[in-house]
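The residues making up each chain are set out below.
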Amino acid sequence: MKQLTGRDAMRSPGAPSLRREVERQFWAQIATGITSEKAAEAVGVSPAVGTRWFRHRGGMPLMMAKPACGRYLSFAEREEIGLLRAQDVGVREIARRIGRSPSTVSRELKRNAATRGGKPEYRASVAHWKSELVAKRPKPAKLVTNPRLRDYVQQHLEGTIHDERGRVVAGPRQVPFIGRNKPHRGDRRWVNGWSPEQIANRLRVDFPDDPSMRISHEAIYQALYIQGRGALKRELVSYLRTGRALRTPRARSQAKAWAHVSDEVMIASRPAEAEDRAVPGHWEGDLIIGLDRSAIGTLVERSSRFTMLVHLPRETGYGLTPRTKNGPPLAGYGAITMANALTRAVTKLPAHLWQSLTWDRGKELSDHARFTIESGVKVFFADPHSPWQRGTNENTNGLLRQYFPKGTDLSRWSEQELQAVALAFNNRPRKTLGWKTPAEALNEHLRSVAQPGVATTG
């Protein structure tokens, strides 16, 4: 190979690898805030490849975020060279057609040619793979070449905590690190827990006259998250405050978690009659969350304060099958399950008592469009971080905690038991109703608009 190309023998590439241009396009998609799977689909690679790229680089594109410099041949140019060479076009003509120097084309045909068959044969995929290999200029990380600095960083990230007498306080035993985020509600080891920024700035205080003891906090993050750096133990990421195993792209962390909410279903579009509570039929809803992802749906009529409880039993298989990413929600308040449960609840009262429903921005009602079509009830969503816009429901949920305390399993209650609580709750006098009960207030309205075939509530 050295005689043919002027380069030493290189390892066999096997199947040509995916090109860096494709990975750069992948990271450009990630920068928009979408998931690895969707970004992989957008650039035409498998979801497994996209996930591997994201995990291998720790969620940080680094040099992949920058486009390749124009001074180097692109894969498209190499394909054009390969096609023209197969047509026996001369070097100078190839250079003229692609807009490059003849010497560039000549070196390309010699240095990056495939030599497996015993003679030089130019193929664009192999040539591009060779150029990427020889272009690597790996620089050893500072934490690798400076053991003293590495020990200081690692000691302050990890380390042990002591009491005022200097005795070690062991604390709880941490769940073994498996390369993913910290376990949900699991014990974490008690450590020094300095952040990389604290360590980087404290070095200047502890070693004011030693310039070798300097490092940026970003270099520490890269040593933790990027595979192949070999400077710090990978499990040290679990000792950071967030405990996340991968860094989250900025656009993804700032992306809206409520893509199901559009301007047409904002609370500002709700009818004005719902605001003054003069006409019954406008409701507020939310979930009461309990232990182990159990929940009960609550619906409160704004005018009469009449309350309905929605039974949300867990789906078949909950607790028996391991949770899978993007798998079916089995806790009982997935989007489809929630919409079906609300549709059943709507049928228990006359249709004219269901004009609108105001909800918070939880994803459990992301299937609101289908619910509106099937029930005829318009759904509106409150503004972000504005619980006062659903004050009636928030106050009711607080009162219901008398029956369903926080930290208890709410899935143990049956439909009949929930209806018994709702009956008792609706027959408690309310100060805001002039000491009438919600059931009495709603019955008065029904009697005032009574029509043949319209029943009153019990």
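Structure: above.
Predicted model only: the values in this text are computed from it and were never measured.

**Structural notes on the sheet that holds strand S3 (residues 282-289)**
Phase 1: The strand order across the open sheet formed by 5 strands is S5-S4-S3-S6-S7, and the pairing between neighbours is mixed. Where the open sheet ends on each side, the last strands, each with one partner, are strand S5 (307-310) and strand S7 (378-381). Recorded for the sheet is a direction-independent mean angle of 25° between the axes of neighbouring strands.
Phase 2: Bridging between strand S4 (residues 295-301) and S5 involves 4 bridges; their strand directions are antiparallel. Its bridge partner being in S5, Thr-298 is matched across the sheet by Leu-309.
Phase 3: Contacts from helix H18 (residues 415-426) reach S4 and S5, with the element oriented near 165° to S5.

**Description of the packing of helix H10 (residues 147-157) against helix H11 (residues 196-206)**
Phase 1: Here H10 crosses H11 at 120°, and the two axes come no closer than 11 Å. On the basis of the axis angle, H10 is oblique to H11. Of the two elements, H10 crosses H11, and the hand of that crossing is right-handed. Seen from H10, the contacting residues are Leu-149, Tyr-152, Val-153, His-156 and Leu-157; seen from H11, they are Ile-199, Arg-202, Leu-203 and Asp-206.

**Examining the environment of Pro-208**
Phase 1: By the element assignment, Pro-208 lies in the loop between H11 and helix H12 (217-225).
Phase 2: Overall, Pro-208 belongs to the exposed group, its relative accessible area being 52%.
Phase 3: Here Pro-208 is in contact with Leu-203 and Arg-214, once residues within four sequence places are set aside.

**Some remarks on helix H7 (residues 102-111)**
Phase 1: Restricting attention to buried positions, one finds in H7 the residues Val-105, Glu-108 and Leu-109. Taken down its axis, H7 places every buried residue within 95° of arc, on the same side.

**Structural notes on the pattern of salt bridges**
Phase 1: Scanning the model with the defined rule gives 21 salt bridges in all.
Phase 2: Here Lys-348 ties to Glu-415 by a salt bridge, and the two come within 3.3 Å at their closest N and O atoms. Here Glu-415 lies in helix H18 and Lys-348 lies in the loop between helix H15 (335-346) and strand S6 (356-359), a separation of 67 residues in the sequence.
Phase 3: Judged by its relative accessible area of 48%, Lys-348 is partly exposed.
Phase 4: Among the charged side chains, a network of salt bridges with common partners joins Glu-93, Arg-96 and Arg-97.

**As for the side chain of Thr-408**
Phase 1: Counting through the fold element by element, Thr-408 comes out in the loop between helix H17 (391-400) and H18.
Phase 2: Of the residues examined, Thr-408 reaches a relative accessible area of 18% and is grouped as buried.
Phase 3: For Thr-408, the side chain forms a polar contact with the main-chain oxygen of Pro-405, separated by 2.6 Å.
Phase 4: Those residues within four positions of Thr-408 in sequence are excluded, and the remaining contacts are Gly-290, Leu-291 and Ser-294.

**Here we look at the nonpolar core**
Phase 1: Ranked by size, the top nonpolar core spans 31 residues in total, and within it Leu-299, Leu-342, Leu-357 and Trp-359 carry the most contacts.
Phase 2: Within the residue set of this core, elements represented by two or more residues are S3, S4, S5, H15, S6, S7 and helix H19 (438-448).
Phase 3: Per element, the largest residue contribution to this core is 6 residues, and it comes from H15.
Phase 4: Non-local contacts of Leu-357, meaning those with residues more than four positions away in its chain, are made with Trp-283, Glu-284, Gly-285, Leu-299, Leu-342, Leu-365, Phe-371, Val-377, Lys-378, Val-379 and Phe-380.
Phase 5: In this structure, Tyr-152, Leu-157, Val-191 and Met-213 belong to the second largest nonpolar core, which totals 23 residues.

**A short note on the packing of aromatic side chains**
One pair of aromatic rings is described through two measures. These are the centre distance and the angle between the planes.
Phase 1: Counted according to the given criterion, the structure contains 8 aromatic pairs.
Phase 2: Centroid distance Tyr-403 to Phe-425: 6.5 Å. Interplanar angle 80°. Geometry classified as edge-to-face. Residue Tyr-403 is located in the loop between H17 and H18, and its partner Phe-425 is located in helix H18; the two are separated by 22 residues in the primary sequence.
Phase 3: Three or more aromatic residues joined by ring pairs make a cluster, and in this case those are Phe-26, Trp-27, Trp-53 and Phe-54.
Phase 4: Lying across the ring of Tyr-221, Arg-247 places its NZ or CZ 4.7 Å from the centre.

**Quick notes on the side chain of Asp-367**
Phase 1: Along the chain, Asp-367 turns up in the loop between S6 and helix H16 (368-375).
Phase 2: Among the polar contacts listed, one links the side chain of Asp-367 to the side chain of Arg-370, at a separation of 2.7 Å.
Phase 3: What Asp-367 contacts, discounting residues up to four positions off in sequence, is Ala-335, Ile-336 and Ala-339.

**Remarks on the packing of H15 against H16**
A pair of packed helices can be characterised by two numbers: the angle between their axes and the separation between those axes.
Phase 1: The contact between H15 and H16 brings their axes to 9 Å, and the two run at 25°. With respect to H16, the element H15 is oriented roughly parallel. The way H15 lies across H16 gives a crossing that is right-handed. Within the contact between the two elements, H15 uses Ile-336, Ala-339, Asn-340, Leu-342, Thr-343 and Val-346 and H16 uses Arg-370, Phe-371, Glu-374 and Ser-375.
Phase 2: Class assignment for the residues of the contact of H15 with H16 results in 5 nonpolar, 3 polar and 2 charged.

**Re the environment of Pro-429**
Phase 1: Locating Pro-429 in the fold gives a position in the loop between H18 and H19.
Phase 2: Taking the relative accessible area as the measure of exposure, Pro-429 reaches 49% and is therefore partly exposed.
Phase 3: The spacing of Pro-429 and Ala-439 is 10 residues in sequence and 9.3 Å in space, taken between C-alpha atoms.
Phase 4: Discounting chain neighbours no more than four positions away, the residues touching Pro-429 are Trp-435, Lys-436 and Thr-437.

How each quantity is defined
- Just so you know, the residues in each chain are numbered from 1, in the order the chain's sequence is written.
- A pLDDT threshold of at least 70 governs which residues receive local features in this predicted model, and a stricter bar of 80 or more applies before side-chain atom pairs are shown or counted, although totals over entire chains, interfaces and linings include all residues.
- Neither water nor hydrogens contribute to the side-chain values; these are computed over all heavy atoms in the structure.
- Here the rule is simple: two strands pair whenever DSSP picks up at least two bridges between them.
- Each helix is a run of DSSP H or I of at least 4 residues and each strand a run of E of at least 2, with the numbering of both proceeding from the N terminus.
- Between the N-to-C directions of two axes lies an angle of 0 to 180 degrees, each axis being a line fitted to C-alpha atoms and, for a helix, fitted only over the stretch in contact.
- Note on contacts: a residue pair qualifies if any of its non-hydrogen atoms lie within 4.5 Å across the two residues.
- Roughly parallel refers to an angle under 35 degrees, roughly antiparallel to one over 145, roughly perpendicular to one between 65 and 115, and oblique to any angle outside these ranges.
- Handedness of a crossing is defined here by the sense of rotation of the near helix relative to the far one, left-handed for an anticlockwise turn of less than a right angle and right-handed for a clockwise turn.
- Throughout, exposure labels follow a simple rule: accessible area from a 1.4 Å probe, protein chains only, divided by the maximum for the residue type, with under 20% read as buried, over 50% as exposed, and the rest as partly exposed.
- This arc is taken over the directions from the axis of the helix to the C-beta atoms.
- When a carboxyl oxygen of Asp or Glu lies within 4 Å of a side-chain nitrogen of Lys or Arg, that pair is called a salt bridge.
- A 3.5 Å cut-off defines polar contacts: any pair of N or O atoms within that distance qualifies, except that in protein one atom must be a possible hydrogen donor and the other a possible acceptor, and neighbouring residues in sequence count only when both atoms are side-chain atoms.
- The nonpolar core is taken to be a set of buried Ala, Val, Leu, Ile, Met, Phe, Trp, Tyr and Cys residues, with the residues joined through side-chain atoms within 4.5 Å.
- Paired rings are identified among Phe, Tyr and Trp, the last through its six-membered ring, by centres lying within 6.5 Å, and are further divided according to the angle between planes into stacked (under 30 degrees), edge-to-face (over 60) and tilted (the rest).
- For a lysine, the NZ atom is tested; for an arginine, the CZ atom; a charge sits over a ring if that atom is within 6 Å of the ring centre and within 35 degrees of the ring normal.
- All residues other than Ala, Val, Leu, Ile, Met, Phe, Trp, Tyr, Cys, Pro, Asp, Glu, Lys and Arg, Gly among them, are scored as polar; the first ten of these are nonpolar and the last four charged.

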